[in-house]
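Read off the chains here:
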Amino acid sequence: MKIVEVESFVLHAPIPRRVTDAFNQADKWGLPGVRIRTDEGLEGTGYTSTLTHGDFAIKDILDRIYAPLLLGEDPLDTQRHWDRLYWSDAHWVGRLGITHMALAAVDIALWDLKAKHCGLPLWRLAGGHKQGQVRSYNTDGGWLNFEVPRLIDEMSRIVDQGWSGVKMKIGKDDPREDLRRVAAVRDALGPDIDLMIDVNQRWNRTRAVAWAERFAEFDIGWLEEPIDPDDVEGHARIADATSIPIAVGEHVYTRTAFRDLIVRGNIGVVQVDATRVGGITEWLAVAELANSYHVPVIPHHADMMRVHQHLGVAHPGSPMIECIPWLQELFHEPADIRAGVFHVSETPGASTTFTDDAFAQYRVA
Ligand SMILES: [Mg+2]
């Protein structure tokens, strides 16, 4: 079997409402990606995700550097292609960021194609650990731009739908305000719901060391991205200063960086994101690494759960995934979520196939 076509694309899809965290704001979602076709009529789809900035830089890497390396090749050699693309001309201009996100799109498309070729859903091909089901926690009620009454209303509604874990954003200019918001939410939700908090890198090391433990009285599942994810020793200092586990990973691009954060940074949750870390091939390597240190792998949503739902049920180190239930209508198979549990499809592939309507409505040139 040979690759005969590599078609890049960019979609810009609306999300239900404008939301913010301490770092970003979003009212639409960018999906730069690639469809890879073979001489046997198979097609694989992979994409990464953005807030629409940088999409065409990613597309440019796909078109100019990666596509020529793929044409004529056997698509099943996923590890070989990962190495070839990683050590391509893209290496000089960026081993991380847009080149790595473009690599993720290719790698996910190749795994989608390989799973279809094998007649298996990705989760069975990649390990098949949890009989197709994995618990999730929901982030979609906890945005920073919601005032406290709305925050409580939206997060309570999520719990009423069956979720037993929720996350909220913090990182206000004055951490006292964060403390009041978290206190109000914990009071509303009661003691039996897992509650996580996410700073989106907005604190510095000093503030994190001083403030992290003050949230512990609200029984916090983890403190996410307290500081710049490159500050490995900073994470160790914060971990020493609080009983709350530190979670990092959505902005970490390599297995080497994860190794350092686990071993020297003493992080407690690995949030590796396949759409950033270079795809499924590298995600599995990071998950193995984390599992060997007995640190749970709870992937960042980012791709709106298409790939991470499969990886979450495939890998023994992954007890839970993140849920932000946007963009479901873009895909042939919307995620099947019941009472916070994902029931992942038996359809061959990675569930990344878009509808024709999604392409007609949201593709941008
Ligand atoms: Mg986060």
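Residues numbered from 1 in each chain as written. Predicted model: local features only at pLDDT ≥ 70, side-chain atom pairs only at ≥ 80, totals over all residues. Heavy atoms only, no water.

### Thoughts on the sheet that holds strand β3 (residues 43–47)
No. 1: If you walk across this open sheet you meet the three strands as β1-β2-β3, and the pairing is antiparallel. Edge positions in the sheet fall to β1 (3–20) and β3, since each has one partner strand and no second. Averaged over neighbouring strand pairs, the angle between their axes works out to 20° when direction is ignored.
No. 2: In the sheet, strand β2 (residues 25–38) pairs with β3 via five bridges, with the strands oriented antiparallel. Bridging across to β3, Ile 36 finds its partner in Gly 44.
No. 3: Seen against the sheet, helix α1 (residues 55–70) touches β1 and β2 and runs at an angle of roughly 160° to β1. (Pairing = 2+ DSSP bridges. Helix = DSSP H or I, 4+ residues; strand = E, 2+ residues; numbered from the N terminus. Axes fitted to C-alpha atoms, helices over the stretch in contact; angles between N-to-C directions. Contact = heavy atoms within 4.5 Å.)

### A few points about the coordination of the magnesium ion
A four-donor tetrahedral metal ideally has 109.5 degree angles, and a six-donor octahedral metal ideally has angles of 90 or 180 degrees.
No. 1: Taken together, Asp 198 (OD), Glu 224 (OE) and Glu 250 (OE) make up the protein donors of the magnesium ion, found 2.0 to 2.3 Å from the metal.
No. 2: Within one chain, the residues donating to the magnesium ion are spaced in sequence as D-x25-E-x25-E. Pair noted here: Asp 198 is in strand β6 (residues 194–198) and Glu 224 is in strand β7 (residues 220–224), with a separation of 26 residues, a long-range link. The pair formed by Asp 198 and Glu 224 is uniform in burial state, with each residue classed as buried. (Donors = N, O, S within 2.8 Å, 3.2 Å for Na, K, Ca; no water. Buried < 20%, exposed > 50% of the residue type's maximum accessible area, 1.4 Å probe, protein only.)

### So, the domain arrangement of the protein chain
No. 1: Domain parsing of the protein chain yields domain 1 (3–119) and domain 2 (124–343).
No. 2: A C-alpha centroid distance of 24 Å is found between domain 1 and domain 2.
No. 3: Facing 32 residues of domain 1, the contacting portion of domain 2 comprises 37 residues.
No. 4: Between domain 1 and domain 2 lies a buried interface of about 2900 Å² when both sides are counted; carbon and sulfur atoms form 65% of it.
No. 5: For the interface between domain 1 and domain 2, the tally reads two salt bridges.
No. 6: One salt bridge in this structure joins Arg 17 and Asp 140, with 3.4 Å as the shortest N-O distance. (Domains from an automatic or database assignment. Buried area = accessible area lost by both parts, 1.4 Å probe. Salt bridge = Lys/Arg side-chain N within 4 Å of Asp/Glu carboxyl O.)

### Focus on the pattern of salt bridges
No. 1: Tallied over the full model, the rule gives 28 salt bridges.
No. 2: The partner of Arg 37 in a salt bridge is Glu 43, and the shortest N-O contact between them spans 2.7 Å.
No. 3: Exposure remark for Glu 43: the relative accessible area of 25% places this residue in the partly exposed category.
No. 4: If you follow the salt bridges from partner to partner, you end up with Glu 5, Glu 7, Arg 35, Arg 37, Glu 43 and Arg 363 in one network.

### Focus: the packing of helix α2 (residues 78–86) against helix α4 (residues 98–118)
No. 1: One can describe the packing of α2 onto α4 by two numbers: an axis separation of 10 Å at closest approach and a directional angle of 165°. For the element pair α2 / α4, the angle class is roughly antiparallel. Helix-helix and strand crossings are classified by hand; for α2 and α4 the assignment is right-handed. Counting all contacts with α2, which are made through Thr 78, His 81, Trp 82, Leu 85 and Tyr 86, the residues of α4 involved are His 100, Leu 103, Val 106, Asp 107, Leu 110, Trp 111 and Lys 114.
No. 2: Residue composition of the contact of α2 with α4, grouped by class: seven nonpolar, three polar and two charged. (Parallel < 35°, antiparallel > 145°, perpendicular 65-115°, else oblique. Left-handed = near helix turned anticlockwise from the far one by under 90°. Nonpolar A, V, L, I, M, F, W, Y, C, P; charged D, E, K, R; others polar.)

### Let's talk about the UniProt feature "domain: Mandelate racemase/muconate lactonizing enzyme C-terminal" (unreviewed entry) in the protein chain
No. 1: Following the UniProt record, the feature "domain: Mandelate racemase/muconate lactonizing enzyme C-terminal" (unreviewed entry) maps to residues 148–245 here.
No. 2: Measuring from the first to the last C-alpha atom of residues 148–245 gives 25 Å, for a span that is 46% helix and 15% strand. (UniProt positions renumbered as here; feature names shortened; annotations may be inferred.)

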